Amino acid sequence: MTDVILHIYDVTNSGSDRTNSTIVQINKIFKDGIGLGGIFHSAVQVYGDDEWSFGFCEQGSGVFSCPSGKNPMYTYRESIVLGKTNLSIFKVNQILRELSREWPGDSYDLLAKNCNHFCDEFCERLGVQKLPGWVNRFANAGDTAMEVAGNTAVRFRQAKTEIVSASKVAYRFLLGVTNNVKTGVESPNNSNNGGSPRFQAAWLKNIINGAKPSTSSDAENQNGVVPQQSTREDDKALLQNSSSYNS
């Protein structure tokens, strides 16, 4: 059995002293001050004096090693013993060869596949606990935010497609209703009042509003045309005139 040690660095390889100083201050506030996390590089030491980590390169494997705690690209912060592994040095070397093939340098992603993700997987295969949550919390939060944004964009596109489809269906329905009205107007049964444009407009308006379609006489009444109807007085007068004429 041998110790598995995690070495943690502040990421200070931006090329700008001002930016590097800002990152160190962020890490002090968010990690040392409130224990939330920060911007860190990590590496794992097991058997020997070297540490193993992962980084970007255009060709070949992104897995590399350097003397423990002495990576010249970053500012060393601290080390944490994650536990002991029961694996032999031969098995550990086999795992490292496998990881070297599985983690090419051009697959590096700051949020989704960085050095901390590599150390997590390495520790899992060694049979020890994973990295403390604060080491990679900022990257995980950023990755989650990107995923949520992506899902939101997909849902928006789906909703837009559904709205367009519903609009097309509604348009076809209204077009069919209009065609039905025209067909009904041209039929002999509707040759008297059904052919008026004012009646068609009123009938279509009722369909859209969900009201019960009105009859032709109702539509004409709504448009100010009152059908003439005989009253009892008119009928009596007509009968009297008829009697006088016959006598």
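The structure contained in this document is the topic of the report that follows. (Residues numbered from 1 in each chain as written. Predicted model: local features only at pLDDT ≥ 70, side-chain atom pairs only at ≥ 80, totals over all residues. Heavy atoms only, no water.)

## A short note on the nonpolar core
Okay, step 1: With 23 residues, the main nonpolar core has Val4, Leu6, Val44, Phe118, Phe122, Cys123 and Leu126 as its most contacted residues.
Okay, step 2: Looking at this core, the elements that each hand over two or more residues are β1 (2-10), β2 (40-45), α2 (89-102) and α3 (115-126).
Okay, step 3: Among the elements that make up this core, the one with the highest residue count is α3 (five residues).
Okay, step 4: Look past the residues within four positions of Leu126 in its chain and what remains in contact with it is Val4, Val44, Val46, Thr85, Leu87, Val92 and Ile95. (Core = buried A, V, L, I, M, F, W, Y, C linked by side-chain atoms within 4.5 Å. Buried < 20%, exposed > 50% of the residue type's maximum accessible area, 1.4 Å probe, protein only. Helix = DSSP H or I, 4+ residues; strand = E, 2+ residues; numbered from the N terminus. Contact = heavy atoms within 4.5 Å.)

## A look at the pairing of β2
Okay, step 1: Across the six residues that make up β2, a large majority, six, are buried.
Okay, step 2: Direction of pairing for β1 relative to β2: antiparallel, over a ladder of six bridges. Looking across to β2, one finds that His7 is bridged to Ala43.
Okay, step 3: Note that β2 and strand β3 (residues 50-54) share two bridges and pair antiparallel. Residue pairing across strands places Gln45 opposite Glu51, the latter belonging to β3.
Okay, step 4: Between β2 and the antiparallel strand that follows it, β3, lie four residues; Tyr47 among them carries a positive phi value of about 55°. (Pairing = 2+ DSSP bridges.)

## Some remarks on α2
Okay, step 1: Under the 1.5 Å per step criterion, the end-to-end length of α2 is 20 Å for 14 residues, consistent within 8% with the ideal 20 Å.
Okay, step 2: Within the sequence span of α2, burial applies to Val92, Ile95, Leu96 and Leu99. The buried residues of α2 all sit within an arc of 100° when viewed along its axis, so they share a single face. Turned more than 90 degrees from where α2 packs its buried face, Phe90 and Arg101 sit exposed.
Okay, step 3: On its buried face, α2 is in contact with β3, β4 (63-67) and α3. (Expected span 1.5 Å × (residues − 1). Arc of directions from axis to C-beta.)

## Brief notes about the packing of α2 against α3
Okay, step 1: Viewed as axis vectors pointing N to C, α2 and α3 meet at an angle of 145°, and their least axial separation amounts to 11 Å. The two elements α2 and α3 meet at a crossing, and its hand is right-handed. Two secondary-structure elements touch here, α2 through Val92, Ile95, Leu96, Glu98, Leu99 and Glu102 and α3 through Phe118, Glu121, Phe122, Arg125 and Leu126.
Okay, step 2: When its residues are assigned to classes, the contact of α2 with α3 shows seven nonpolar, no polar and four charged. (Axes fitted to C-alpha atoms, helices over the stretch in contact; angles between N-to-C directions. Left-handed = near helix turned anticlockwise from the far one by under 90°. Nonpolar A, V, L, I, M, F, W, Y, C, P; charged D, E, K, R; others polar.)

## Thoughts on the environment of Cys57
Okay, step 1: Looking at the element boundaries, Cys57 is found in the loop between β3 and β4.
Okay, step 2: With near-sequence residues (within four places) excluded, Cys57 lies in contact with Gly62, Gly105 and Asp106.

## Let's talk about the pattern of salt bridges
Okay, step 1: Taken as a whole and assessed by the stated rule, the structure comprises six salt bridges.
Okay, step 2: Its salt-bridge partner being Asp3, residue Lys84 comes within 2.7 Å of it at the nearest N-O pair. In this pair, Lys84 sits in strand β5 (residues 75-85) while Asp3 sits in strand β1, placing the two residues 81 residues apart along the sequence.
Okay, step 3: For Asp3, a relative accessible area of 31% gives the class partly exposed. (Salt bridge = Lys/Arg side-chain N within 4 Å of Asp/Glu carboxyl O.)

## Structural notes on the state of the cysteines
Okay, step 1: Overall, the coordinates contain zero disulfides when judged by the stated rule.
Okay, step 2: Among the cysteines around Cys115, which has no disulfide bond, Cys119 carries the closest sulfur, lying 6.2 Å off. (Disulfide = S-S within 2.5 Å.)

## Focus on the packing of aromatic side chains
Okay, step 1: Taken as a whole, this structure holds eight aromatic pairs when the rule is applied.
Okay, step 2: Taking the centre distance of 5.3 Å and the plane angle of 85° together, the rings of Phe40 and Trp134 count as edge-to-face. Taken together, the residues span a long stretch of sequence, with Phe40 in strand β2 and Trp134 in the loop between α3 and α4 (137-186) at a distance of 94 residues.
Okay, step 3: By relative accessible area, Trp134 is classed as buried at 14%.
Okay, step 4: Taking the centre distance of 6.2 Å and the plane angle of 25° together, the rings of Phe54 and Phe118 count as stacked. Here the residue Phe54 occupies a position in strand β3, and Phe118 occupies one in helix α3, the gap between them amounting to 64 residues. Comparing Phe54 with Phe118 shows no difference in burial state: the two are buried.
Okay, step 5: Three or more aromatic residues joined by ring pairs form one cluster here, namely Phe54, Trp103, Tyr108, Phe118 and Phe122. (Phe/Tyr/Trp six-rings, centres within 6.5 Å; stacked < 30°, edge-to-face > 60°.)

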